[in-house]
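Results of the structural survey
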Amino acid sequence: MSTLVIVESPTKARTIRNYLPSDYKVEASMGHVRDLPQSATEIPAAVKGEKWAQLGVNVDADFEPVYVVPKDKKKIVTQLKDALKDADELILATDEDREGESISWHLYQLLKPKVPTKRMVFHEITQDAIKKALKNCRNIDEQLVRAQETRRILDRLVGYTLSPLLWKKIAWGLSAGRVQSVAVRLLVTKERQRRAFHEGTYWDLKASLEKDKTPFAAQLVTLGGTKIASGGDFDPATGQIVQGRNVLLLNEEQALALKERLTGKTWSVTDIEERPVTRKPAPPFTTSTLQQESNRKLRLSARDTMRIAQNLYEQGYITYMRTDSVHLSDQAIAAARSCVEKLYGQKYLSPQPRQYTTKSKGAQEAHEAIRPAGSTFRTPQETGLGGRELAVYDLIWKRTVACQMADSRQTQISVQLQVEDAGFRSSGKRIEFPGYLRAYVEGSDDPEAALEDQEVILPSLKVGDRPNCTQLEAVGHETQPPARYTEATLVKTLESEGIGRPSTYASIIGTIIDKGYAQLVNNALIPTFTAFAVTDLLEKHFPDIVDPSFTSKMEQTLDDIATGEAKWLPYLQKFYLGDKGLETLVKEQESQIDASKARTVELENLAAKVRIGKYGPYIEVENGEGVVTASIPKDLTPADLDPKQVEVLLRQKTTGPDQVGRHPETGEPIYVKIGAYGPYVQLGDKSEENPKPKQASLPKGVTPENVTLEMAVGLLALPRTLGTHPVTGSKIQASLGRFGPYIVHDQGKEGKDYRSLKAGDNVLTVTLERALELLSEPKKGRSSTNSKSKAALRELGTHPEDDDPVNIYDGPYGPYIKHGKTNARIPEGQSVEDITLAMALELLAAKAGTGKSTRKTTKSTTSKSKSTASKSTAKSSTTATKKKTAEG
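No experiment lies behind these values; they were computed from the predicted model shown. (Residues numbered from 1 in each chain as written. Predicted model: local features only at pLDDT ≥ 70, side-chain atom pairs only at ≥ 80, totals over all residues. Heavy atoms only, no water.)

1. Re the sheet that holds strand E26 (residues 720-724)
Let me state the cut-off plainly: Pairs of strands are assigned from DSSP output, requiring at least two bridges between the strands. Each helix is a run of DSSP H or I of at least 4 residues and each strand a run of E of at least 2, with the numbering of both proceeding from the N terminus. Lines fitted to C-alpha atoms define the axes, with helix axes restricted to the stretch in contact, and inter-axis angles between N-to-C directions lie between 0 and 180 degrees.
Spatially, the four strands line up as an open sheet ordered E26-E27-E28-E29, and their pairing is antiparallel. Each edge of the open sheet is held by one strand with a lone partner, namely E26 and strand E29 (752-756). Ignoring which end each strand starts from, the neighbouring axes of this sheet average 25° apart. Pairing between strand E27 (residues 731-737) and strand E28 (residues 740-746): six bridges, direction antiparallel. What sits directly across from Leu-736, in E28, is Pro-741.

Shown next as structure tokens:
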């Protein structure tokens, strides 16, 4: 008797095969095998003429979905059907969550097995877990499938009904989504707060003191019995002290005068308070907290974290990574406690096993937290893992082990000091027993170093002591605007508000960035002007769609459908159909939305209008001679656009660009200009004889006001040839690129070796010796889609048609296959290691056959080329997204 087992990916198939009997054959479905149509070409001919065809959901027939097998999955389905012909039994072993249940259901519907069929679920891929799962197979959970299907249909209804409206009223290719649009609104709201923010300034004194040759610091807290103002006393809307707050605001002059008055005076200790504090370890990871901590500590995106965790799970290193639960099995607790005792000793073990309770009301995915797999935990060193996989496993291992360790015992110390009428405070912290901190400090890579950083040692002090003041300085402070969201803080907010599900956050944040609603700069998610325009429109005309509480209630209803507490069909009917349904609302509002106003972003305290144009945002101002417009540079954020910036952008349009001087060799004028991609210098005027004057971007941190003639001449002379490499004889140059200044070793057919210049290096003065030093250092990868500037993850071989290489590269949105100018994403559920040259050629052929390209045209440094590139990109994007929008 033979059994066919179907899982999602080849990696999972290879791992599970080790624990199954020899007559079990394991095949991979490569993720989902069916879905709603993604483009007009996928809509079946039988329904193409229906008014609802574009939705892919028959709203007139109980919201019946139209499922299709994507072109790149047809061969896989055929292979699975062939494998089933030789089987006496079918086991569907896809992931244990709603998504996995849905994949199993779709496989069952497509394959139509005539042999006994079972559903097998497991939380980890270990021998014990697989044996246990084989003995406890069940049927497909129709209720779970229905809940997932309702969620998918709901996302489609929101995305495909609202997105076309955004195309008509704002810009082509935009999208709305049930969770996505709420997340974008959160980013925009934060940016509005930053625009409304008014800076407040305050001063205080900082003292450097010494007792028994041990230095410590103290800060001014009171003067004449009145509390000194600090940042928390300011109203962010006015930059003034909050009305009714009884505090003393010092300015610079007063602070300096106080410093002079107190210098040389006697200090005394007036009070000492020691307070014991006990800190407990954090619970083991859920999907959300893993994404947050991975972003904070490893600077990984939510998407990268989930992809790496998926690989670790499928290789049998960790338990299932999509979970809302912090619960640990008895087996896991025993394994963690064993690790603690073995590595740290009995005294570091918590007296009783710790069990955590899930507080999230919507927790429903898997029934255990993310932890190392098995009944014994492999230490990170024992896994043989490397790179980012090792870093993520190390994070999970430490967090799990730490949760079974003893509490950390600390003592908080507060010392009050007096000098004349001024009160100072010094704070210290003593770690009496590190407990779990010995293994894991949240937000720190090195627990040992973090323990030292956490302690603030004070000398032995008692009331009446007279420490010596070695230095007293006046310190000025400015209040700071609200911090922008990072991926970690956005994920935390979405989860706390009950918006969406942690398993979808990675794809949602990816979509927000892909669609141009936010830029990721220094780990901060900065909303664009387009995000402002879309949010404004949705807030005015569809407030429920971007209301966090409305979306949270919707999420709860979807969970209730999964448990049978709510009916799916009445809910969809009420949401979409009828007088108050989304379909009717969109039709009513469409005629009321003025496209010109929808494309205009109104910002407080700004007379200029910001408009969303075909090629990006621009400002528009009326003067006596008509309307003047200027593109907004991509690095200029909505919070930073003020009247002064507007004046700078418009000046080159009205009075012409600033002239730095004339080139010492050619005599041509050199201008400083600002374009869509930031400030740059230009040699000469544009004319019929010289349609493309030479241009060069300014280095990061250099403003137009700081450009000198010598600097401009140097920038226009780039790339600089520094000399030849002593080994290869090939030339080495220094230049500026989209990622900043760099050096390049051009080895001809062998390719080009790039290195970024470091802080302190100057692209205009860097020497050959320094370049050779940088080239000798190991190359660091960059999460860019430009494969020419980085090493391939895997080299698969050459293409049979042209002998050009077929490689796999790591991009910001996941690994992809590249051949020439064709890029193909690796299908969901497959890892880099799974891809063979034959599979890659098939995926590339499928991508080329669609006639679609989502590649962005390379940005040229000339104004004309920029315009051309934008038009080309827009045209390509139009082709690619004509009948397609993102959901979520």
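2. Some words on the side chain of Arg-195
Note the following rule: Any residue under 20% of the maximum accessible area for its type is buried, any over 50% is exposed, and the rest in between are partly exposed; the area is computed with a 1.4 Å probe on protein chains only. Within this scheme the basic residues Lys and Arg register as positive and the acidic residues Asp and Glu register as negative, but His and the chain ends are omitted. Salt bridges are defined by distance alone: a side-chain nitrogen of Lys or Arg within 4 Å of a carboxyl oxygen of Asp or Glu. Any pair of nitrogen or oxygen atoms within 3.5 Å is treated as a polar contact; in protein, a donor-acceptor pairing is required on top of that, and neighbouring residues in sequence qualify only through side-chain atoms on both sides. Two residues form a contact once any of their heavy atoms are found within 4.5 Å.
Mapping Arg-195 onto the fold places it in helix H6 (residues 180-196). For the buried Arg-195, which has no salt bridge, the nearest side chain bearing the opposite charge is Glu-604, at an N-O separation of 6.5 Å. At 2.9 Å, the side chain of Arg-195 and the backbone oxygen of Glu-604 are in polar contact. When sequence neighbours within four positions are dropped, the list of residues in contact with Arg-195 reads Leu-603, Glu-604, Leu-606, Pro-638, Ala-639 and Leu-641.

3. Looking at the pattern of salt bridges
What the rule picks out here adds up to 45 salt bridges. The shortest N-O distance in the salt bridge between Arg-178 and Asp-155 comes to 2.6 Å. In this pair, Arg-178 is assigned in the loop between helix H5 (142-169) and H6 and Asp-155 in helix H5, connecting sequence segments 23 residues apart. Summarising the burial analysis for this pair, Arg-178 and Asp-155 share the class buried. For the salt bridge of Asp-465 with Lys-211, the shortest nitrogen-to-oxygen distance reads 3.9 Å. Of this pair, Asp-465 sits in the loop between helix H13 (447-454) and strand E15 (468-478) while Lys-211 sits in strand E7 (residues 201-211), placing them 254 residues apart in sequence. One network of salt bridges, in which partners are shared, links Arg-98, Arg-151, Asp-155, Arg-178, Arg-501, Glu-555 and Asp-559.

4. Here's the deal with helix H14 (residues 487-496)
For H14, the complete set of buried residues consists of Glu-487, Ala-488, Leu-490, Val-491, Thr-493 and Leu-494. Tucked inside the fold, the buried residues of H14 contact H6, helix H8 (287-298), helix H9 (302-314), helix H15 (502-514), strand E16 (518-521) and strand E17 (524-527).

5. Topic: a negative patch on the surface
Defined as follows: Like charges are joined within 9 Å and nonpolar side chains (Val, Leu, Ile, Met, Phe, Trp, Tyr) within 5 Å, but only among residues with over 30% relative accessible area and no salt bridge; these make up the patches. Only the protein chains shown count as cover for residues, with accessible areas throughout obtained via the Shrake-Rupley method and a probe of 1.4 Å. By convention, the point assigned to a charge is CZ for Arg, NZ for Lys, CD for Glu and CG for Asp.
A surface patch of like charges, here negative, comprises Glu-801, Asp-802, Asp-803 and Asp-804. Mapped onto the fold, Asp-803 is located in the loop between strand E30 (794-798) and strand E31 (805-811). Judged by its relative accessible area of 55%, Asp-803 is exposed.

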